[in-house]
Amino acid sequence: MNPSPSEIESRVLSIVADALDQPAERVTLDASLVDDLGAESIDFLDIVFRLESDFGLKIPEEEIWQGSFDGVGDDPDALAERLAQLKVRRPGFRWDRVPDRPTRSDLPRLITVGTVVEYLEKRLSGGAASPE
Amino acid sequence: MRERRVVVTGLGLLTPLGTGLGATRLALAEGRCAIAPATLFDASPFASPLAGEVRGLDPRAYFRVPKALKLCDRRTRFAVCAAAMALEDAGFPAGPCDGLGVSIGTSGSDLGAEELSAALARSEDPALSARDTDAFGEAALAGLNPLWLLVHLPNMTSAHVAIQREARGPNTTVMTGWAAGLSAIVEGAAWIAEGRADAVLAGGADSAVHPFAFAALEQKGLLSGPSPLVPAEGAAVVLFEEREAALARGARLLGEVGAHALSAGTRLAALAADATPAPSRQLERLAGNLLAAHAPAALVLSLAEGLAGPVAAVAMGPAGEASALLVLPPDEAARSAA
Amino acid sequence: MRTRRRVVVTGAGLVAPGADGAAGLWENLLAGRSAIGPIRRFDASSYPTRIAAEALAPAGAPASVLGEEFGGRGRIWDFAAEAASQALSAAGLAPRGPWAASAGLSLATGMGTYGHAEVFGAAAAGAARGGFDGKAFAEELRLGLLPHAADRQSPGALAAHLARAAGIGGPLLASMTACAGGTQAVGDAFRWIRRGEADVVLAGASDSEIYPMGLASFCLLGALSRRNDAPERASRPFDGARDGFVLGEGAGFLVLEEREHARARGADVLAEVAGFGSACDSYRVTDPHPEGLGAALAMRRALDDAGLSPDDVDYVNAHGTSTPGGDRVEVRAMKAVFGSRLDGVAVSSTKSMIGHLTVAAGAVEAIVTALSLRDGRVHPTLNQELRDPECEIDTVPEGARRVDLRAALSNSFAFGGQTACLAFVRA
């Protein structure tokens, strides 16, 4: 029996709060892991590990962080276009902090708690089969 | 080339007798013994299950960035806490400091037994992994927390002290066995004398209360017999400062660094002969052997007493490693003349 | 005014991937030969990274010069005994000779010093019943403990062993600043001689992480290159297509000596150690400071310590691990220190050919830097194919180059943020 969306959300919030040592009220869906919650590279590894343990899944490294940038590659025009689409979908995010023409190294800053929740909902609702 | 003078201005201490200098001194004065069968793990299989454990420490209170706690094993937590205590004791100004160095000594690592076991428990064939290091590596790959290496790399002990304090001076983790902490102190003072740092957090942090340490000690025969060694844990950190700068900021001087030795031999013997010994044996009787942190702890206790004359801290270990440091009473005459 | 004591390198020995001794390595580096290949020591086929630079096993019994029992304690001890023996021989110093009683030993080694093998059996026992069974773990560990456990756990024990074998009775230090360790061990030896603590110091480092657990732990951190199909092209420091480092292993030892002492006995001198600098980023645990604050501090301190200005430096033997972030930060730090002078400085990374020797890297790279000064030649950085606009430096891409080398720096930076830099000058 798969967990409900609200259960997924609450478990993710709890894992992120714990891994980043942040109080619950700061861990909102629109919070950027890097800019709002202080994540550094190893925290991403830690969060993935905890999600894998908690949800009993294997999460391929890049998959969860690609999130909204699947198939976009390094082309700055394609990135900017995808970004514009994201802005419409996520009005609550602090877009003022993101360069208009981001490069790949800016992308980790765009990852929010919501990105993680969406990914897990997709996986657990029998979405993309998980490659071992 | 004249070298600079080095003084002690702050002390930090964590032992099984108490989480702080005051608590430890009180317990010593009352003759309270903190040695008991280990509780951090079930040590009953060993020749002696006795240990000296630090209890009641709330590390969060000492961490400027508490998120780092998940990356800190016991001895690293002890080091950060003792360093914070020393800085507070010295009234050292807060904020990033390019001239503040960190030199900590430690020995061994518990290698995160529980995490390794958890990784195996997730793997397909734990029993195979037991016999076959190839299979173990694969099990680790599949199920070990990626942060494992970072938690157990010994240099992280000094790194975390520096990160918490934004200290950008020279930084090292010394690992010369049981002499490591005192050697780290000797080197830390040398950095100031040489002009490489203006202040240094120097000391020892160790935790031998884990199966790997017990097993190795037992293999050497140290846990057997009528008075077995009691593995213990803790941290002792001093803040050293360049003397003129310390006086200028109105710091209280606890002692001045004198001669030292970084190996066994005549020099070490001479240092020990001419001075009051730091209370190493008394500490061991009541708290156990803090290994790399032991001689530093004894030194801190002497300094806390107040020095009437020179004090020598000496550390020696089973592999022949040794170090010694002479500390002199602070020269008050210069201050009153200034 | 008392003249400052000066420190020279009078001997070097090493065990490194693809090479038998310092001369062999130097020849390989100048020829641009990579020692990186598929891992052969164990079956790494299920790992994301399956390549490394494995070192040749020391030929014959190790420590023939030192003559003391070093075996049974793992590769790190074997490598160290071999490299230290070579260094002493090269320096013309016989173990337990008159030089030894007051001489020092400064060593850095890695985690592999901890004998892991028995921990695994114990961990399996601890996992047997689901949940962690600490007592089962402890029991299994006791029963399965291999010999010399205390030695294998202690860099200090290796240091003491080496000292005893060589007859060294002066200052002794074993340290562990991870990937900066080797540079630091040499730096501490330099400091001791300059201060008058000793006239001769045997300084070096030894490490090996090329075993299942070591490889797994670096793979888990995402630090390693995955260019498994083309191992010799995987380590490409500063190149636009770099994707992580490659593990190497080995040991490097140098004999550092007070200059007049060396002259008096007619010793050969490779180069002079002029300065040492070290610092700490104090930023984050693995992410280096974005401006390379710790790296720049270490380089500036080494230059100041040596009484050199950036204009005096002709070569930097970079840390250059081939990680996307690390290399970029090292370049920023070099720019901060050298400014426009950087255009005239040759920068090469030994790791492009022998991989990252982790704790031992700094010691082996110190030897390489000293040889560069001795010969007036610098080795290339391999695999410079794709421009990275953030790493626009002269990485000696074309092959070994003759340079009028007056002074050189050797950098090493560690996880945790520790940074170290040695400044060498021509002897």
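Rules used in this analysis
- Residues numbered from 1 in each chain as written.
- Chains lettered and ligands numbered in written order.
- Predicted model: local features only at pLDDT ≥ 70, side-chain atom pairs only at ≥ 80, totals over all residues.
- Heavy atoms only, no water.
- Contact = heavy atoms within 4.5 Å.
- Buried area = accessible area lost by both parts, 1.4 Å probe.
- Salt bridge = Lys/Arg side-chain N within 4 Å of Asp/Glu carboxyl O.
- Polar contact = N/O pair within 3.5 Å; in protein donor to acceptor, adjacent residues only side chain to side chain.
- Nonpolar A, V, L, I, M, F, W, Y, C, P; charged D, E, K, R; others polar.
- Disulfide = S-S within 2.5 Å.
- Helix = DSSP H or I, 4+ residues; strand = E, 2+ residues; numbered from the N terminus.
- Buried < 20%, exposed > 50% of the residue type's maximum accessible area, 1.4 Å probe, protein only.
- Core = buried A, V, L, I, M, F, W, Y, C linked by side-chain atoms within 4.5 Å.
- Domains from an automatic or database assignment.

Quick word on the interface of chain A and chain C
- At the junction of the two partners, chain A supplies six residues and chain C supplies seven residues.
- Summed over both partners, the interface of chain A with chain C comes to about 570 Å²; 45% of that surface belongs to carbon and sulfur atoms.
- Counting the surface chain A buries against chain C, the share from its top three residues, A:Glu40, A:Ile42 and A:Leu45, is 65%.
- Counting across the interface, chain A meets chain C through zero salt bridges.
- Where chain A packs against chain C, one counts two residue pairs in polar contact (both at pLDDT 80 or more).
- Split into classes, the residues belonging to the side of chain A that touches chain C amount to three nonpolar, one polar and two charged.

Points about the state of the cysteines
- Enumeration over the complete set of coordinates arrives at zero disulfides over all chains.
- Just so you know, B:Cys97 is unpaired, no disulfide at all, and the nearest cysteine sulfur is the one on C:Cys280, 13 Å from it.
- C:Cys391 forms no disulfide, and the closest cysteine sulfur to it belongs to C:Cys421, at a distance of 18 Å.

A short note on the side chain of B:Asn155
- Looking at the secondary structure, you find B:Asn155 in the loop between helix H6 (148-152) and helix H7 (156-165).
- By relative accessible area, which is 0% here, B:Asn155 ends up buried.
- Leave out the neighbours within four places in its chain, and B:Asn155 touches B:Thr173, C:Met176, C:Thr177, C:Ala178, C:Ala414, C:Phe415 and C:Gln418.

A word on the nonpolar core
- Core analysis: the biggest nonpolar cluster contains 182 residues, and B:Phe240 and C:Leu256 have the highest contact counts within it.
- Residue assignment places this core across two domains, with domain 1 (7-113 + 153-425) and domain 2 (116-150) of chain C each supplying three or more.
- Once residues within four sequence positions are removed from consideration, B:Phe240 is found in contact with B:Val6, B:Val7, B:Val8, B:Ile185, B:Gly188, B:Ala189, B:Ile192, B:Asp198, B:Ala199, B:Val200, B:Ala202 and B:Val257.
- Residues C:Phe70, C:Ala163, C:Val200 and C:Val255 belong to the second largest nonpolar core, which totals 37 residues.

Concerning the domain arrangement of chain C
Residue and element names in this part refer to chain C.
- The domains assigned to chain C are domain 1 (7-113 + 153-425) and domain 2 (116-150).
- Between domain 1 and domain 2, the contact holds nine residues from the first and six residues from the second.
- Counting the surface lost from both domain 1 and domain 2, the interface buries some 530 Å², and carbon and sulfur atoms represent 53% of this.
- In terms of surface lost to domain 2, no three residues of domain 1 exceed Arg 73, Gln 153 and Met 213, which account for 57% of the buried area on that side.
- Between the two partners, domain 1 and domain 2, sit zero salt bridges.
- Scanning the region where domain 1 abuts domain 2 turns up four residue pairs in polar contact (both at pLDDT 80 or more).

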